[in-house]
Amino acid sequence: MNILILGSGGREHALAWATLQNPKCDKLIVAPGNAGIAQIAECAQLDVNDGGAVSEFASENAIDLVIVGPEAPLAAGVADRLREAGFLVFGPSAEAARLEASKSFTKEICDAAQAPTAAYGHFTDAESAKAHVRATGVPTVVKADGLAAGKGVIIAETLEQAEEAIDDMFGGSFGGAGAEVVIEEFMTGEEASFFVLVDGEVCLPIGTAQDHKRVGEGDTGPNTGGMGAYSPAPIMDEAVTQKALDEIVRPTMAEMVRRGSPYQGVLYVGLMIENGQPRLVEYNVRFGDPECQVLMLRLGAQALDLMHACAEGRLAEAQVNWANDHAMTVVLAAKGYPGDYEKGSVIKGLDALPEDSFHMMFHAGTTLKDSNVTASGGRVLSATARGTTLQEARERAYALVDGVDWPEGFCRRDIGWRAL
Ligand code: AMP
Ligand code: GLY
């Protein structure tokens, strides 16, 4: 099979790495890729949000399967264009990608499917949003309806903070994403991420993870894309997992089928769990980054078979072979992230790191410059390791971190603290 992966982060490096473990992969191209991906696959410059350009590229390169990494091309309809052109695609249609691209759409689907989630109101003007907050009280959660790169969620402890967030969103600080606002009940409990492959009807769980969204140790400071993750998530025991499938995932996926827009791809189910009861926080229509890195290290070569079966609508006959293992990833970010940070610093020591089915230094934001690997993003590397216990995975991941010579970078030293 000739395979094209779209994206350039640690998630896509992990997808590429797992794909290459599988002998069914004859040729792999990643667009646009990064310096780490370029060491294992061909990289191509391509506007991944332009469905026409991606289709043309796929036919020129005799591609058999396209795996879409990030949400932006999905929301832009790239999977639709590829399917119209006859390509096999792993990733949902633009209509189904609204499960991530519109928070009010997801709430509506949950209502129709009676799936447990936070109570909410949906507003198109500031005054009615504020009146709702005054009536329901604080703490409350103010969300820009559209895609806001993970920044469109404000947890307001006071009425003033809530009103300020509402004014900011309607004032355009999140661009078009904030033209509509969702106000949600603040849920308490422990968060976990649950990953399910869906081929329209059939839902196949492929793993659980917990990530650390805050930049600082002890889960403090501003939100980031994720500073580290581990899999499995201890809180996702069999009973909670079964409830999440029966009460949330399956009914909402059935509602998508009923509406004529079946979901196909990986569904990232963000859950809040309290007293054994999961409630939906959000859906994403792609793998998490860095959660994908731990999932891929655990799944290995079978990840390609599973994504292929999903794209072909064959999940009913697919099976996941679980190993009784644990994985952890620690993100190395450029100093200053998630605020302003420098680009272009040189990263040394990467060549001496072990690379095998237990250790992988995935690249997230790197560029090759004059044969040096340089930092070109906020999140730059994702040190990922696997072991028979989480403690072993953790020791191996931090050993990778300690092998890197990059004074301009930093990481959190406490990834996994909750589980350990
Ligand atoms: P989202 O982009 O919807 O995942 O929100 C980002 C983060 O905000 C989540 O991972 C939660 O930690 C938090 N969050 C979102 N919605 C709620 C809610 N209704 N109650 C409590 N926390 C929330
Ligand atoms: N790590 C969170 C996300 O990918 O959305």
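Residues numbered from 1 in each chain as written. Chains lettered and ligands numbered in written order. Predicted model: local features only at pLDDT ≥ 70, side-chain atom pairs only at ≥ 80, totals over all residues. Heavy atoms only, no water.

**Q** Could you give an account of the site of ligand 2, naming the residues involved and the relevant values?
**A** In the neighbourhood of ligand 2, the contacting residues comprise D211, G225, Y268, N284, R286, G288, D289, P290 and E291. One nitrogen or oxygen atom from the main chain of G225 is found 2.9 Å from a nitrogen atom belonging to ligand 2. In this structure, D289 approaches ligand 2 through a main-chain N or O atom, which is 3.0 Å from an oxygen atom. Relative to its unbound accessible area of 200 Å², ligand 2 is 88% covered by the protein chains. (Near = heavy atom within 4 Å. Polar contact = N/O pair within 3.5 Å; in protein donor to acceptor, adjacent residues only side chain to side chain. Areas by Shrake-Rupley, 256 points an atom, 1.4 Å probe, with all protein chains shown as cover.)

**Q** Can you break down the pattern of salt bridges residue by residue, with the values?
**A** For the coordinates displayed, the defined rule picks out 25 salt bridges. Between R259 and E108 there is a salt bridge, and its shortest N-O distance comes to 3.3 Å. Taken as a pair, R259 in the loop between α9 (238–258) and β15 (264–274) and E108 in helix α6 (residues 103–113) lie far apart in primary sequence, 151 residues in all. A relative accessible area of 34% places R259 in the partly exposed class. On the accessibility criterion, E108 (40% relative accessible area) is partly exposed. D219 serves as the salt-bridge partner of R412, at 2.9 Å between the closest nitrogen and oxygen. Of the two residues, R412 is situated in the segment after β22 (409–410) and D219 in the loop between β12 (214–216) and β13 (220–223); the sequence distance between them amounts to 193 residues. Assigned by exposure class, R412 and D219 land together as buried. Here the salt bridges do not stand alone but share partners, grouping E108, E255, R258 and R259 into one network. (Salt bridge = Lys/Arg side-chain N within 4 Å of Asp/Glu carboxyl O. Helix = DSSP H or I, 4+ residues; strand = E, 2+ residues; numbered from the N terminus. Buried < 20%, exposed > 50% of the residue type's maximum accessible area, 1.4 Å probe, protein only.)

**Q** An account of the nonpolar core is requested, with residue identities and associated values reported.
**A** Within the largest apolar cluster, 49 residues are counted, with the highest numbers of intra-cluster contacts made by L99, V249 and M253. Here the element with the most residues in this core is α9; it accounts for 7 residues. Other than its neighbours up to four places away in sequence, L99 contacts F105, T106, I109, M253, M256, Y263, L267, Y283 and V285. Ranked by size, the runner-up nonpolar core spans 44 residues in total, among them A16, L28, Y268 and V294. (Core = buried A, V, L, I, M, F, W, Y, C linked by side-chain atoms within 4.5 Å. Contact = heavy atoms within 4.5 Å.)

**Q** Would you mind going over the site of ligand 1 in detail, with residue names and values included?
**A** Around ligand 1 sit 15 residues in total, of which E184, E185, M187, E191 and E282 are the nearest. M187 places a main-chain nitrogen or oxygen 2.8 Å from a nitrogen atom of ligand 1. Between K213 and ligand 1, the recorded distance is 3.1 Å, taken from a side-chain N or O atom to an oxygen atom. Considering ligand 1 on its own, with 470 Å² of exposed area, one finds that the protein chains cover 91% of that surface. Looking at the shell around ligand 1, the elements with two or more residues in it are β7 (140–144), β8 (153–156), β9 (181–185) and β16 (277–284). Taken together, the residues of the shell around ligand 1 sort by class into 8 nonpolar, no polar and 7 charged. (Nonpolar A, V, L, I, M, F, W, Y, C, P; charged D, E, K, R; others polar.)

Don't take any of this as a statement about function, it's just geometry.
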